[in-house]
Amino acid sequence: MILSRAMARKSRRANDPVTAAARVVAYPFKVKSKFEAFLRPAARVAGAAGIAMLVGCAILSGTPPEEWPPSLDPSHLAIYVMISLAVASLLGWTYVHDGQKRIRRALGPSVSLVAYVVLPIGFAILGFAGAERVAAVGGPAPWHWF
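Residues numbered from 1 in each chain as written. Predicted model: local features only at pLDDT ≥ 70, side-chain atom pairs only at ≥ 80, totals over all residues. Heavy atoms only, no water.

Caption draft 1: Representation of the overall build of the chain in the model. In terms of helices and strands, the chain carries five helices and zero strands. The order of α-helices and β-strands along the chain, N terminus first, is α-α-α-α-α. Taking all contacts inside the chain whose residues are at least 6 apart in sequence as the whole, residues at least 24 apart take part in 56%. Accessible surface, the chain: about 11,200 Å² in total, of which carbon and sulfur atoms supply 72%. (Helix = DSSP H or I, 4+ residues; strand = E, 2+ residues; numbered from the N terminus. Contact = heavy atoms within 4.5 Å. Areas by Shrake-Rupley, 256 points an atom, 1.4 Å probe, with all protein chains shown as cover.)

Caption draft 2: Quick peek at the pattern of salt bridges. A complete count under the given rule lists three salt bridges for this structure. Lys101 is the salt-bridge partner of Glu36, the closest N and O atoms lying 3.7 Å from each other. Remark: Lys101 occurs in helix H3 (residues 77–107) and Glu36 occurs in helix H2 (residues 17–61); sequence separation between them is 65 residues. Classification of Glu36 as buried rests on a relative accessible area of 14%. The shortest N-O distance in the salt bridge between Arg44 and Asp98 comes to 2.9 Å. Taken together, the residues Arg44 in helix H2 and Asp98 in helix H3 connect sequence positions 54 residues apart. By sharing partners, the salt bridges in this structure join Arg40, Arg44 and Asp98 into a single network. (Salt bridge = Lys/Arg side-chain N within 4 Å of Asp/Glu carboxyl O. Buried < 20%, exposed > 50% of the residue type's maximum accessible area, 1.4 Å probe, protein only.)

Caption draft 3: How the structure looks around the side chain of His97. The residue His97 is located in helix H3 in this model. Note on His97: relative accessible area 15%, which makes it buried. Residues in contact with His97, not counting those within four places in the same chain, are Glu36 and Arg40.

Caption draft 4: Representation of the packing of H2 against H3 within the structure. Following both chains from N to C, one finds H2 and H3 inclined at 140 degrees, their axes separated by 7 Å at the closest point. The orientation of H2 relative to H3 falls into the category oblique. Considering the relative orientation of H2 and H3, their crossing is left-handed. Taken together, the residues of the contact of H2 with H3 sort by class into 20 nonpolar, six polar and five charged. (Axes fitted to C-alpha atoms, helices over the stretch in contact; angles between N-to-C directions. Parallel < 35°, antiparallel > 145°, perpendicular 65-115°, else oblique. Left-handed = near helix turned anticlockwise from the far one by under 90°. Nonpolar A, V, L, I, M, F, W, Y, C, P; charged D, E, K, R; others polar.)

Caption draft 5: Looking closely at the environment of His144. Note that His144 resides in the segment after helix H5 (131–136). Under the relative-accessibility criterion, His144 is labelled partly exposed at 32%. With 13 residues separating them along the chain, His144 and Ala131 place their C-alpha atoms 9.3 Å apart.

Caption draft 6: The arrangement of the side chain of Asp98 in detail. Of the residues examined, Asp98 reaches a relative accessible area of 18% and is grouped as buried. Residues contacting Asp98, with those up to four places away along its chain left out, are Arg40 and Arg44.

What follows is the structure, encoded as structure tokens:
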């Protein structure tokens, strides 16, 4: 008897339009957290492999071309280094992401929004505009640190 009342109450709640709307709104956040739960460990493993690839590139750079493995072309060393850097950067991304989360918890969401969204976009716009154009409209001189 008690079980049937609880199940009836639960089914009414599941069909409630407010609950359905809340599920729709929360769905992207659930997907993001599940994707992040997969991506973070994978990025750490891939980043460690990228570090190992960079070490391999350093060893290959000091190896005479005739002693290279036959499947690798010595003229493509710069490409190998760039691929290794891209893969190794995933490890750095995980550390930066962890740091941003800690700062966001310490400062609050509004300050972190300004620090991580508003300021970078503003500085990017100023960078694209150019130092001379910014100085022409009353901004700091081109030699200024800002």
